[in-house]
Amino acid sequence: MNSQNFDLKKNLSLAFEKLQNNNISEASDIYKKILELHPDNFESNFYLGTIFAQNNNLKEASILLEKAIIVNPRIPDVHNNLGLIYMRLKENEKAIKSLETSIKLNPKYSAAFCNLGLVHNQLEETEKAKNNFLKAIETNPKNILANYNLGNLFKKTNEIEDSERYYIKAINLAPNFLDAYTNLMDLFERANLNLKLGEIIKKAEENIKENPTIKLFKGKLLFKSKKYSEVIKILNSIKFKPNEMIKEGSRTVTLAKSYDHLDNFDKAFEYFKITNEINSNLNKDSINKLKFVDTVKKRINFFEKKEIMLWPSSKLNNKTKNPTFLIGFPRSGTTLLDTILRSHSSIDVIEEKPIINEFIDALENKINSNFNNLKNIDENLLDEMRNVYFNSQSKYIKPNDNKIYIDKMPLNIIYVGEIVRIFPNAKFILAIRHPCDCVLSCFMQNFELNDAMANFLNLEDTAKLYNLTMTLWEKYLSAFSINFHMIKYEDIVLNFDISVKKILNFLELPWAENVKTFYKKADNRGVINTPSYNQVNQPIYSKSMGRWKNYEKEVSKILPLLDPWIKKFNY
């Protein structure tokens, strides 16, 4: 091709026309042809780079936009688009630099402020993210995405009213904005704000016709109203596409629970299995169930050594604070206990935060991942590790000496050995439930999967992990003097006052009448980060006791693994 016979202006005009008419492939070909002859042409580098970004060819896109900036560094849009590409490539420092340059060139560039907020949000820099979203709205109050992203940010920080306000603003600006409706419906559903959920579903139905996502939330609302036959009818009328499998899993688990309530246990079990298969396929490349099993086995093998009983006690000083933990196998009633205990004015429960994960990571680094190094711990390391725990805890609370803070994460039971070496006087509330009900309930939950929860996708794996976890707990009891109180879920249901008084005595707290109406306080908790979120605002009920008998055919296959624990806990 001869550049002398090539009409650059004509081809640029033709390529742009193709772009405007959405003939992306033809436009790309023209821009590529232009760049063969005019590699420094700004428009071709910019538009072809943008096309590549839209097609997820991010590296190629970044190279073209970087070249466009060399040719003309004064165009805010190019820096903005390049910043978005860097963000998607997780090159966050470059993204921030590009977006800040874009804003310097145009201080009222609302979209760039919004994108800068997204980068800071990706970096968990919440305040910076919030300030940039607010700046985006200040420079353009009609910026739909800035309002939506601010709604998402406040949802993540559990600021319900602020989140609702900005979602509503986004919806008012774009009445058919499905993602805003979806996240707002999810917010109301998880926060048990059922009247508001009904209202936003109605508004969504008025603006977006026959949408499966809206029907999913309508089904969830009907489930909360115990209209199980209606739930089944509406959720069987929809199905989600392969790229929406999270929603499909939500649909199938709601169907499963509805069939369970209608005593159609075969159909319920079938849908629980389908839900777990969906969850497994969604997470197969990111989880490893054996990794968590190995974590437990490693501790069983070490802490069964008899010489551990002869280890010297860890030293305490007058400043040593003693943390309190709520532990147990998942689905043992820890969420019920959490809700009851936090209704006492002297108790606050820190719900499922990675405090111990950070503590364990720091400790393993200090002891070179060798448990033998826990035998003799000097005072400096003890002080350092205690500070690690409480510094991590302080991210989630405003410390108050008049309150007892209970760290609730059921599977922290795995790390009791390390905890008591650093905090020998720590208190543990151990939640126990009939092993068959506990294991079945894990299988029936649509957990957000990680290496631990990946073991709950079938009954056999769940029972194996239950057996290993309780075996490890027994090893800890043999090796250490542990300050713990065991409470059975069934005792709370059948003998509420007596059982809760015993826990409060263990915590050295007086009885408080308002613990009996714990479910009323639950209405004000906001988004609850546990599969039991739609049960915490209900009074005590007994349906979950002995539920395993409805699935006896399936549970009978795992009874040999669980029977020793059934006897051990006197069931």
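So, how was this worked out
- Residues numbered from 1 in each chain as written.
- Predicted model: local features only at pLDDT ≥ 70, side-chain atom pairs only at ≥ 80, totals over all residues.
- Heavy atoms only, no water.
- Helix = DSSP H or I, 4+ residues; strand = E, 2+ residues; numbered from the N terminus.
- Expected span 1.5 Å × (residues − 1).
- Buried < 20%, exposed > 50% of the residue type's maximum accessible area, 1.4 Å probe, protein only.
- Contact = heavy atoms within 4.5 Å.
- Salt bridge = Lys/Arg side-chain N within 4 Å of Asp/Glu carboxyl O.
- Pairing = 2+ DSSP bridges.
- Axes fitted to C-alpha atoms, helices over the stretch in contact; angles between N-to-C directions.

### Looking at helix 15 (residues 245–261)
Here's step 1: An ideal rise of 1.5 Å per residue puts 24 Å on 17 residues; helix 15 measures up with 24 Å between its terminal C-alpha atoms.
Here's step 2: Extensive coverage of helix 15 is indicated by the burial of 12 of its 17 residues.
Here's step 3: Taken together, the buried positions of helix 15 are Glu248, Gly249, Ser250, Arg251, Thr252, Val253, Thr254, Leu255, Ala256, Ser258, Tyr259 and Asp260.
Here's step 4: Elements that come into contact with the buried residues of helix 15 comprise helix 13 (212–224), helix 14 (228–235) and helix 16 (265–283).
Here's step 5: Directly beyond the C-terminal end of helix 15, a positive phi value near 65° is found at Asp263.

### Looking at the pattern of salt bridges
Here's step 1: Counted under the stated rule, the structure contains 32 salt bridges.
Here's step 2: Of the charged contacts, one joins Lys568 and Glu474 as a salt bridge, the two residues approaching to 3.3 Å between their closest N and O atoms. Pair noted here: Lys568 is in helix 28 (residues 559–568) and Glu474 is in helix 23 (residues 459–479), with a separation of 94 residues, a long-range link.
Here's step 3: Owing to a relative accessible area of 44%, Lys568 belongs among the partly exposed residues under this scheme.
Here's step 4: On the basis of relative accessible area, Glu474 is assigned to the partly exposed category, the value being 23%.
Here's step 5: Linking Lys567 and Asp563 is a salt bridge whose minimum nitrogen-to-oxygen distance equals 2.7 Å.

### So, helix 5 (residues 76–88)
Here's step 1: In a regular helix each residue adds 1.5 Å, so 13 residues correspond to 18 Å; helix 5 covers 19 Å between its end C-alpha atoms and thus fits that length.
Here's step 2: Among the residues of helix 5, those classed as buried are Pro76, Val78, His79, Asn80, Leu82, Gly83, Ile85, Tyr86 and Met87.
Here's step 3: Packing partners of the buried residues in helix 5 comprise helix 3 (42–54), helix 4 (58–71), helix 6 (92–105) and helix 7 (110–122).
Here's step 4: Backbone geometry just after helix 5 places Lys90 at a positive phi near 65°.

### A few points about the environment of Glu552
Here's step 1: Looking at where Glu552 falls in the secondary structure, it is placed in helix 27 (residues 552–555).
Here's step 2: Relative accessible area serves as the criterion here: at 42%, Glu552 is assigned to the partly exposed category.
Here's step 3: A sequence separation of 303 residues divides Glu552 from Gly249, and the C-alpha atoms of the two residues are 25 Å apart.

### Observations concerning the sheet that holds strand 5 (residues 483–488)
Here's step 1: Within the open sheet, the five strands sit side by side as 2-3-1-4-5. Their pairing is parallel. Two strands close off the open sheet at either side, each with one partner strand: strand 2 (347–351) and strand 5. Neighbour-to-neighbour, the strand axes of the sheet open up by a mean angle of 25°, direction not taken into account.
Here's step 2: Bridge analysis of strand 1 (residues 324–328) against strand 3 (residues 404–408) gives three bridges, and the strand direction is parallel.

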